[in-house]
Amino acid sequence: MIVIDKICYSSGLRGINAGEKMAFSVMTLLFCVVSRNAAVALAVFFGNTVLTLWKGRTPWKQYARLLLIPAAFVLLSTAAILVNFSRVPLDAFAVPIGEYYITGSRRSLALCIRLILTALSAASSLYFLSLSTPVTDILQVLQRLRCPTLLVELMLLTYRFIFVLAETAADMTTAQQSRLGNRNFKTSVRSFGALGSMLFIRAVKRSARIYDAMESRCYDGKLRVLRESIPPKGAEIAGIVLWGLVLFGIFMGSVLLWKS
Amino acid sequence: MEELMRAEDLFFSYDEGETWSLEGLSLTIQRGKKYAFMGANGSGKSTFFLCCNGIHRPNRGTLYFDGKPVSYKSRDLLALRARVGVVFQDPDDQLFSASVYQEISFGALNLGMPEKAARREVERVIDKLEIAPFSHKPAHALSGGQKKQVAIADVLVMHPDMIILDEPCAALDPRHSRIVRGIIDQLTGEGVTVLMSTHDVDYAFSWADEIMLFHRGRLLRQGSPEEVFSDIQALETAGLGRPAALEVFQSLTQKGVLPKGLSVPRDLKALQRYLEDLPSGECPSSL
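Residues numbered from 1 in each chain as written. Chains lettered and ligands numbered in written order. Predicted model: local features only at pLDDT ≥ 70, side-chain atom pairs only at ≥ 80, totals over all residues.

Peer 1: Mind showing me how you'd approach helix H5 (residues 115-128) of chain B here?
Peer 2: Counting along an α-helix, one turn takes 3.6 residues, and residues three or four places apart therefore face a common direction. Residue and element names in this part refer to chain B. Counted at 1.5 Å a residue, the expected span for H5 with its 14 residues is 20 Å, and the 20 Å between its end C-alpha atoms agrees. Packing partners of the buried residues in H5 comprise helix H4 (100-110) and helix H6 (144-156). Directly after H5, the chain includes Glu130, whose backbone phi takes a positive value near 55 degrees. (Helix = DSSP H or I, 4+ residues; strand = E, 2+ residues; numbered from the N terminus. Expected span 1.5 Å × (residues − 1). Contact = placed C-beta atoms within 7 Å.)

Following this line, the structure appears as structure tokens:
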């Protein structure tokens with residue numbers, strides 16, 4: 001999460017209106033999930049990857065590493081669909097083991113490929129958004145979309161204090177380690193427990209201080225902050241619409257081709 | 001000088017009277033002056049600061065702001081907090097938004113400024129405190145000194161009459177301490193009343209108009225830096241040392257190196273100037 005956070009603040013796409021990026025990401029995501037079409041999925045994946053790496057200047061190594069996370073899950077779960085144990089060999093492949101075969105059908109192979117492509121391109125849509133748009137920008141879009149204020153405010157505070165809490169936890173772990181808190185299993189269990197309870201106490205105390213600090217600035221129960229949105233550009237919106245049409249075209253084309 | 005705030009026999013306890021953090025504190029703050037609050041940890045400085053803007057309500061005693069006793073009705077409290085700004089010691093306690101721009105805008109919007117004016121104000125403060133180079137970064141990626149700058153901007157955007165800084169230079173490197181001190185000097189130049197707690201005797205001696213020496217929830221001594229830092233007994237009680245400039249100046253006067261009757265130099269530079277003005281060769285050889 002912290003890696004993604006670092007990347008998105010220095011993304012080349014940061015200067016683009018967050019609403020546009022969100023619309024693009026949701027649109028491509030929907031195309032993947034609704035169409036379940038391998039050609040559409042490939043196009044979406046290609047488009048997102050090009051934008052993220054080329055326009056967003058995300059280091060490709062990090063992008064690949066991030067994509068490996070969903071890829072591992074998808075491969076494991078599709079393997080379960082593809083691989084069967086059976087006495088009868090199926091049409092795609094069959095490895096005999098005694099009386100049995102490790103085998104799979106062509107249909108399930110096609111299904112697997114489609115699933116893998118759809119899942120990975122859907123992940124690439126989400127990565128496109130999270131690698132180019134800081135959380136605070138996304139929250140502003142949510143607010144504009146009339147998402148409940150309470151929810152947005154909670155997310156705003158949570159996002160900020162995840163980092164404060166993580167920092168505190170890291171400092172405390174270092175302090176424990178420098179006093180041999182993790183020398184063996186027993187001490188590390190005890191240290192971990194102490195860390196947890198101390199973190200809780202600190203979080204409670206800090207929240208009291210933050211409330212004081214906010215009250216000092218005339219907080220009256222409503223978090224008012226200025227939006228710092230970048231105006232949307234006509235050309236970019238046209239690009240998004242055009243890409244939507246292209247994806248739709250690919251979808252229709254592949255369906256027609258399949259039928260004929 | 002005009003009185004801005006007065007405390008009369010304040011008592012405050014965090015634990016229902018078990019221990020008292022303020023125990024009969026009385027003092028007067030005058031408009032436009034620079035106050036250094038000094039004293040050991042736990043002597044009641046921070047508690048008093050939070051009384052100043054009504055976050056803490058004293059158990060006993062009265063606090064006057066602008067001649068009127070502070071009212072604890074929520075509307076009056078908002079009015080008080082609009083005029084008394086507090087910069088907290090740990091910026092992580094103060095910065096609630098990951099976005100610097102949003103963070104600074106919070107106070108301005110709470111005052112009811114229309115969006116356009118608030119935007120202008122936020123940008124003015126970002127400019128003034130030189131925050132622009134890191135204003136696009138998230139709060140958790142800022143250094144301690146940068147967070148402090150943002151924390152001060154948070155308060156400045158509200159244009160308070162009185163700014164309270166709780167150990168503004170604690171845990172800052174020398175460069176950021178200089179930046180923060182520069183900002184404080186700018187503020188006092190504009191006539192804002194500044195209350196600052198600090199443990200740095202040399203800085204307090206050179207900067208403050210008046211020193212407030214706290215001890216166990218009470219005011220032990222109030223006066224000009226020259227007066228307070230000459231009161232050895234009070235310093236001993238509060239556990240404070242003496243500023244280097246004063247110490248060296250007094251030794252030099254006693255030894256006869258410097259003529260008697262010079263005004264006390266507020267920092268080492270001023271003292272050095274005295275020494276440079278001495279005709280060379282007149283130094284006694286015994287030194």
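Peer 1: I'm lost on the interface of chain B and chain A in this one. Help?
Peer 2: Interfaces are often sized by the amount of accessible area the parts lose when they come together. Taken residue by residue, the interface counts 33 residues in chain B and 26 residues in chain A. Among the elements of the structure, helix H2 (74-83), helix H3 (91-94), H4 and H5 of chain B are those that each provide at least two residues to the side of chain B that touches chain A. At 7 residues, H4(B) tops the list of elements feeding residues into the side of chain B that touches chain A. Looking at the side of chain B that touches chain A, its residues break down into 17 nonpolar, 9 polar and 7 charged. (Nonpolar A, V, L, I, M, F, W, Y, C, P; charged D, E, K, R; others polar.)

Peer 1: Sorry if this is basic, but what is going on with unusual backbone geometry here?
Peer 2: Residues and elements named next belong to chain A. Look at Leu180: it is not a glycine, yet its phi comes out positive at around 60 degrees. With respect to the helices, strands and loops of the structure, Leu180 is situated in the loop between helix H7 (149-178) and helix H8 (185-216). Owing to 10 C-beta atoms within 10 Å, Leu180 belongs among the exposed residues under this scheme. (Buried ≥ 20, exposed ≤ 12 C-beta atoms within 10 Å, placed from the backbone.)

Peer 1: In this structure, what is going on with the nonpolar core? I would like to understand it.
Peer 2: Buried together is how nonpolar side chains tend to be arranged in soluble globular proteins. In this structure, Ala36(B), Val87(B), Ile104(B), Val122(B), Ala153(B) and Ile164(B) are the most contacted members of the largest nonpolar core, which totals 92 residues. Contacts of Ala36(B), omitting those with residues within four sequence positions, involve Met196(B), Thr198(B), Ala204(B), Trp207(B), Ala208(B) and Ile211(B). Counting 22 residues, the second-largest nonpolar core is a separate cluster that includes Val44(A), Leu120(A), Leu129(A) and Leu131(A). (Core = buried A, V, L, I, M, F, W, Y, C linked by C-beta atoms within 7 Å.)

Peer 1: Please clarify how the domain arrangement of chain B should be interpreted in this entry.
Peer 2: Residue and element names in this part refer to chain B. According to the domain assignment, chain B consists of domain 1 (3-242) and domain 2 (243-280). On a C-alpha basis, the centres of domain 1 and domain 2 stand 33 Å from each other. Broken down by secondary-structure element, the contributors of at least two residues to the side of domain 1 that touches domain 2 are helix H8 (201-207) and helix H9 (225-230). Ranked by residue count, the leading element in the side of domain 1 that touches domain 2 is H8, at 4 residues. Its residues assigned to classes, the side of domain 1 that touches domain 2 comprises 3 nonpolar, 1 polar and 3 charged. (Domains from an automatic or database assignment.)

Peer 1: I keep staring at the packing of H4(B) against H5(B) and nothing clicks. Help me out?
Peer 2: A packed helix pair is summarised by two numbers, namely the angle formed by the two axes and the spacing between the axes. Residues and elements named next belong to chain B. One can describe the packing of H4 onto H5 by two numbers: an axis separation of 9 Å at closest approach and a directional angle of 125 degrees. In terms of axis orientation, H4 runs oblique to H5. For the element pair H4 and H5, the recorded crossing hand is right-handed. Residues Tyr101, Ile104, Ser105, Ala108 and Leu109 of H4 pack against Ala118, Glu121, Val122, Val125 and Ile126 of H5. (Axes fitted to C-alpha atoms, helices over the stretch in contact; angles between N-to-C directions. Parallel < 35°, antiparallel > 145°, perpendicular 65-115°, else oblique. Left-handed = near helix turned anticlockwise from the far one by under 90°.)

Peer 1: What should I look at first to understand the sheet that holds strand S2 (residues 22-30) of chain B in this one?
Peer 2: Residue and element names in this part refer to chain B. Taken in spatial order, the 4 strands make up an open sheet running S2-S1-S4-S5, and their pairing is antiparallel. Bordering the open sheet on either side are S2 and strand S5 (68-69), each of which pairs with just one other strand. Bridge analysis of strand S4 (residues 60-65) against S5 gives 2 bridges, and the strand direction is antiparallel. The residue of S5 that forms the bridge with Phe65 is Lys68. Contacts from helix H1 (residues 45-52) reach strand S1 (3-12), S2 and S4, with the element oriented near 120 degrees to S1. (Pairing = 2+ DSSP bridges.)

Peer 1: Which parts of the structure should I look at to understand the confidence of the model for chain B?
Peer 2: Close inspection of predicted coordinates is inappropriate for parts of the model with low pLDDT. A residue-level look at chain B finds 98% of positions with pLDDT of 70 or above and a mean pLDDT of 91. The ipTM assigned to the predicted complex is 0.84, against a pTM of 0.83. (pLDDT = per-residue confidence, 0-100.)

Peer 1: Would you mind going over the environment of Gly67(B) with me for this structure?
Peer 2: Residues and elements named next belong to chain B. Positionally, Gly67 belongs in the loop between S4 and S5. Residue class for Gly67 comes out exposed when judged on the 10 C-beta atoms lying within 10 Å of it. Between the C-alpha atoms of Gly67 and Asp277, which are 210 residues apart in sequence, the distance is 47 Å.

Peer 1: Sorry, what's going on with the pairing of S1(B) here?
Peer 2: If a strand is regular, its side chains alternate between the two faces of the sheet. Residue and element names in this part refer to chain B. As defined by bridge partners, S1 adjoins S2 across 7 bridges and the pair is classed as antiparallel. Note on S2: the bridge partner recorded for Phe12 is Leu22. Where S1 meets S4, 5 bridges bridge the pair, whose relative direction is antiparallel. In the sheet register, Ala7 faces S4, and the bridge partner there is Leu63.

Peer 1: I tried to follow the sheet that holds strand S2 (residues 93-97) of chain A on my own but got confused; where do I start?
Peer 2: Within a sheet, adjacent strands bond to each other through the backbone by hydrogen bonds, running parallel or antiparallel. Residue and element names in this part refer to chain A. Ordered by their spatial adjacency, 3 strands build an open sheet running S1-S3-S2, and the pairing between neighbours is antiparallel. Every interior strand has two partners, whereas the edge strands, strand S1 (84-86) and S2, have only one. The average angle at which neighbouring strand axes cross in this sheet is 30 degrees, direction not considered. One ladder, built from 3 bridges, connects S1 with strand S3 (residues 100-104); its direction is antiparallel. Within the sheet, the bridge partner assigned to Ser86 lies in S3 and is Tyr101.

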